[in-house]
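Structural overview
Here's the letter readout for the chains.
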Amino acid sequence: MHNIKCFHKFVSNINVNRIKDMENLNKSQNLTLEGYYNGLKRPPSPKLEFIRNIAETCGVNHLTVRNWIQGRNQPSNPEHKVYLSELTGIPVEQLWNR
């Protein structure tokens, strides 16, 4: 259940940030409804957001996260392994079993 709360909080933060970006843009410019709509960013893919979230939280770049996902290497920091386990609901010892 903790993982679902983390994911929902993560998704909520993304939506809040998008709304704040548009509010700031609207304050700096005199936008029309059409201008506001056209300024909305296309939502990123869930997989890309997943990678970005992990990279930001763990303080690594997205290529490192992709290497973790593909099993090329594993985090050297045990806290990162625990975070990945909590985020996905997969036990740490099972994250890279092949």
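The paragraphs below set out a description of the structure included in this document.

Taken as a whole, this structure holds one salt bridge when the rule is applied. The salt bridge partner of Arg52 is Glu49, with a shortest N-O separation of 3.3 Å. Here Glu49 and Arg52 lie together in helix H3 (residues 46-58), a separation of three residues that amounts to about one turn. Given the relative accessible area of 44%, Arg52 is considered partly exposed.

So, on to the packing of H3 against helix H4 (residues 62-69). Interhelical geometry of H3 versus H4 gives an angle of 110 degrees and a closest axis separation of 9 Å. Regarding the angle of H3 to H4, the classification is roughly perpendicular. The hand of the H3/H4 crossing is right-handed. Along its contact with H3, which presents Leu48, Phe50, Ile51, Ile54, Ala55 and Cys58, the element H4 presents His62, Val65, Arg66, Trp68 and Ile69. For the contact of H3 with H4, the class distribution of residues is nine nonpolar, one polar and one charged.

Before going further, it helps to spend a moment on the nonpolar core. A general trend in soluble globular proteins is that nonpolar side chains are found buried together. One finds Ile51, Ile54, Ala55, Cys58, Val65, Trp68, Tyr83, Leu84, Leu87 and Trp96 forming the largest nonpolar core, which totals ten residues. Residue assignment for this core shows that the elements contributing at least two residues are H3, H4 and helix H5 (78-88). Among the elements that line this core, the one with the most residues is H3, at four residues. In this view, Ile51 contacts His62, Val65, Arg66 and Ile69; residues no more than four positions away in its chain are not counted.

Basis of the calculations
Residues numbered from 1 in each chain as written. Predicted model: local features only at pLDDT ≥ 70, side-chain atom pairs only at ≥ 80, totals over all residues. Heavy atoms only, no water. Salt bridge = Lys/Arg side-chain N within 4 Å of Asp/Glu carboxyl O. Helix = DSSP H or I, 4+ residues; strand = E, 2+ residues; numbered from the N terminus. Buried < 20%, exposed > 50% of the residue type's maximum accessible area, 1.4 Å probe, protein only. Axes fitted to C-alpha atoms, helices over the stretch in contact; angles between N-to-C directions. Parallel < 35°, antiparallel > 145°, perpendicular 65-115°, else oblique. Left-handed = near helix turned anticlockwise from the far one by under 90°. Contact = heavy atoms within 4.5 Å. Nonpolar A, V, L, I, M, F, W, Y, C, P; charged D, E, K, R; others polar. Core = buried A, V, L, I, M, F, W, Y, C linked by side-chain atoms within 4.5 Å.

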